Number of protein chains: 2
Amino acid sequence: MHQFIFYVPSNKITDDIAILEGDEFRHCIQVLRKKAGEEIALFNGQGDIYTARIGGLTKNSCECRITSRKKAERQMPADIILAVGLIKSKALNLIIREASALGVTQFVPLLTKHSVKQGFNSERMRKIAIESVKQSSNFYLPEICQPIELKNWLDSVASVPAKLVAEQENSMSIKSALNRYAGDKKVVLLIGPEGGLHSEEIESAVAKGFIPVNIHSNRLRTELAAIVAVTSIFAHFN
Amino acid sequence: MHQFIFYVPSNKITDDIAILEGDEFRHCIQVLRKKAGEEIALFNGQGDIYTARIGGLTKNSCECRITSRKKAERQMPADIILAVGLIKSKALNLIIREASALGVTQFVPLLTKHSVKQGFNSERMRKIAIESVKQSSNFYLPEICQPIELKNWLDSVASVPAKLVAEQENSMSIKSALNRYAGDKKVVLLIGPEGGLHSEEIESAVAKGFIPVNIHSNRLRTELAAIVAVTSIFAHFN
C-alpha cells in the first residue's frame, strides 16, 4: 500500500482525469509539498485505487492524470447499515471513526425521543470517515446520511429482511436472530441513543419486522454497543 | 439495581463491617451527602453486592454495617486475559474502560519494543475500571496488573492452553483458532502497541504456544483491535 493516499469522490473523476480538492488537496500540495509531475495514489471510496500524476495546479485544486487503476476487493463478510440515535458529538465522532475502520456500509443518525438535540455536521463526519478508512486500509467509505426521523427511516428500510434492534432487556443473541436469515448478508442494525429507545419506538421497529436482540449481557454505552454489535454481526458471517 | 453503588475492596470487609474510603467515600458522603444511619449499596468487584447502613464517620472513611448480601452471577461466557503493549494514555484509558464494561478478567500492560515509554498510573486505571463496571452493571472488576516485560509475561501464562496473538498478516480467524480448544473457556489474548509487535516478539509468543490470528481484515488501531478481539472471543463462546 502507498504510504499516502488521497481521497477523490467519483464525481470528480472523468476518464483519465481526477480533480483533487479541499482538505485532500491541501494535505497533498501544501503539507506534503508534492509538485506537478510527481506520482501520487488516489482512491474514490468505492474500492477503486488509482496511480496518477499531478498536473495543472490552481490555488485550491489540482488536476491529476490517472496512469493506472486497480480494484481493492471488498473483504467484509456482510453489508451493515448502522442507524444510531443522535448522541453527543464526541461519542458520535468515535462511532463514525470505528464504524468506518470496521467496514460498515452506511451510517444513519436518527432523531428519536431521547436523541441529543443538536446539529449534525456531515462535512466533519465525512472527514473523520475518510481519515479512518485511510488508516485502516479500507478503501470503501461508508455512506453517511443526513439525520432522519426514526419513523421515516423505518419505512425506508422496510424491504430489507434482516433487521435487528438493540434491546438490553431482551435475551435473544445476534447469532440466534441472524440464523433466521440464512444466506442474507445485508443487515440493518438499530441502536438507541444514550437513554435508549422509548418502548413505543421499539414497538414501531418490531411492527416493521425488526428483531430485538441483546448485544451484551452488561449494559454498554451507545458507542461501545455499536462496535460490539457490528463485530458480532461480522463474526457471525465469518 | 441500586442507582448508586459504591466499591469496597474485599480486604476492607470483615464479617459484617465494610470500610468505605478514598474516592468512593468522598462520592458517597461529600458529593451525595449520605448520612450516618442511611442505607447504601456496596460491591467488592468479585460479584458480591451488599446492602449496608452507614455507621461511624471520620474525615476520610466510614464504617458500614452490612445488613444483607447477594451474589451477582458472572455472565461472561469465557475468562479473557487481555495483554496489550503500552500505548498512549488516552488510548489506554479507552481500552481499560471498554474492557471493564465488556467483562475482561485481567488486563496486563506490556513492555514491548514499540511500547510507548511512559509511566503507568495503576491507581488512575483502577478508578476508570471501577467507574466503568458500575456504569455497565458488571459487578466483576478486572484485575489490572503492573506493566511487565513481554518475555516475563509469556513465561507466566505458559500453563494456559488457549493463547492468541494478533497478527495482521495472518489469515487464521479467532473462531478457527479457538476451535482447537473445545471446551477451554480461559483465553489469553496478546495485542501489540501502535506499530505492532516486532517479528521476534511474535516468534517468541509462538514458541510459547500462542496462535497468530487475524482480528479483522482491515488494519485497526490497538484500542479498536482489543475491543473487536474481545467481542469475537465472547461471540465464539456464546
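Higher on the page you've got the structure.
None of the values given here were measured: they were computed from a predicted structure. (Residues numbered from 1 in each chain as written. Chains lettered and ligands numbered in written order. Predicted model: local features only at pLDDT ≥ 70, side-chain atom pairs only at ≥ 80, totals over all residues. Heavy atoms only, no water.)

### Structural notes on the interface of chain A and chain B
Chain A puts 30 residues into the contact, and the matching count from chain B is 30 residues. With both sides pooled, the region where chain A packs onto chain B buries about 2,400 Å², and carbon together with sulfur makes up 48% of that total. Inspection of the chain A/chain B interface yields two salt bridges. Notably, a salt bridge pairs E98 of chain B with R221 of chain A, separated by 2.4 Å at the nearest N-O pair. On inspection of chain A and its partner chain B, the count reaches 16 residue pairs in polar contact (both at pLDDT 80 or more). Contributing elements (two or more residues each) for the side of chain A that touches chain B: α2 (89-102), α3 (122-135) and α7 (222-237) of chain A. Sort the elements by how many residues they give to the side of chain A that touches chain B and α7 of chain A lands first, with nine residues. Partitioning the side of chain A that touches chain B into residue classes produces 10 nonpolar, 13 polar and seven charged. (Contact = heavy atoms within 4.5 Å. Buried area = accessible area lost by both parts, 1.4 Å probe. Salt bridge = Lys/Arg side-chain N within 4 Å of Asp/Glu carboxyl O. Polar contact = N/O pair within 3.5 Å; in protein donor to acceptor, adjacent residues only side chain to side chain. Helix = DSSP H or I, 4+ residues; strand = E, 2+ residues; numbered from the N terminus. Nonpolar A, V, L, I, M, F, W, Y, C, P; charged D, E, K, R; others polar.)

### Re the packing of helix α2 (residues 89-102) of chain B against helix α7 (residues 222-237) of chain B
All names here are of chain B. Running from amino to carboxyl end, α2 crosses α7 at an angle of 15°, the nearest separation of the two axes being 9 Å. One way to sum up the angle between α2 and α7 is to call them roughly parallel. α7 is crossed by α2, and the crossing has right-handed handedness. Across the interface between the two elements, A91, L94, I95, E98, A99 and L102 of α2 pack against T222, E223, A226, I227, V230, T231 and F234 of α7. (Axes fitted to C-alpha atoms, helices over the stretch in contact; angles between N-to-C directions. Parallel < 35°, antiparallel > 145°, perpendicular 65-115°, else oblique. Left-handed = near helix turned anticlockwise from the far one by under 90°.)

### Regarding the pattern of salt bridges
Following the criterion strictly, the structure yields 26 salt bridges over all chains and no others. Ionic pairing is found between K134 of chain B and E24 of chain B, a salt bridge with its closest N-O pair at 2.8 Å. Of the two residues, K134 of chain B sits in helix α3 (residues 122-135) while E24 of chain B sits in helix α1 (residues 22-31), which places them 110 residues apart along the sequence. In this pair, the class of K134 of chain B matches that of E24 of chain B, namely buried. In the salt-bridge network here, residues are joined through shared partners; they are D23, R26 and K127 of chain A. (Buried < 20%, exposed > 50% of the residue type's maximum accessible area, 1.4 Å probe, protein only.)

### Digging into the nonpolar core
By size, the foremost hydrophobic cluster in this structure holds 110 residues, and its most contacted members are L82 and L164 of chain A together with L82 and L164 of chain B. Setting aside anything within four residues of it in sequence, one finds L82 of chain A in contact with I95, A99, V104, Q106, F107, V108, L189, I191, A226 and V230 of chain A. (Core = buried A, V, L, I, M, F, W, Y, C linked by side-chain atoms within 4.5 Å.)

### With respect to the side chain of S100 of chain B
Residues and elements named next belong to chain B. Relative to the helices and strands, S100 resides in helix α2. We classify S100 as buried; its relative accessible area is 1%. Apart from the residues lying within four places of it in its own chain, the contact partners of S100 are A129, S132, V133, S136, N138 and P142.

### A closer look at the sheet that holds strand β6 (residues 61-71) of chain B
Residues and elements named next belong to chain B. Spatial strand order, β1-β4-β5-β6-β3-β2: six strands in an open sheet with mixed pairing. Unpaired on one side and paired on the other, β1 (5-7) and β2 (13-14) mark the two borders of the sheet. When strand β5 (residues 48-57) meets β6, the two strands line up antiparallel, connected through eight bridges. The partner of D48 across the bridge, within β6, is K71. Strands β1, β3 (17-21), β4 (39-43), β5 and β6 of the sheet are contacted by α1, whose axis makes an angle of about 90° with β3. Contacting β1 and β4, α3 runs over the sheet at an angle of about 150° to β1. (Pairing = 2+ DSSP bridges.)

### Describing unusual backbone geometry
All names here are of chain A. Unlike most non-glycine residues, R33 shows phi in positive territory, near 55°. Residue placement: R33 occurs in the loop between α1 (22-31) and β4 (39-43). Residue R33 is classed as exposed on the basis of its relative accessible area, which comes to 58%. Phi is positive for S137, close to 55°, though the residue is something other than glycine. Examined against the element boundaries, S137 turns out to sit in the loop between α3 and β9 (143-144).

### Some thoughts on the sheet that holds strand β5 (residues 48-57) of chain A
Residues and elements named next belong to chain A. Spatially, the six strands line up as an open sheet ordered β1-β4-β5-β6-β3-β2, and their pairing is mixed. Where the open sheet ends on each side, the last strands, each with one partner, are β1 (5-7) and β2 (13-14). Docked against the sheet, α1 engages β1, β3 (17-21), β4, β5 and β6 (61-71), running at close to 90° with respect to β3. Set on the sheet, α3 makes contact with β1 and β4; between it and β1 the angle comes to about 150°.

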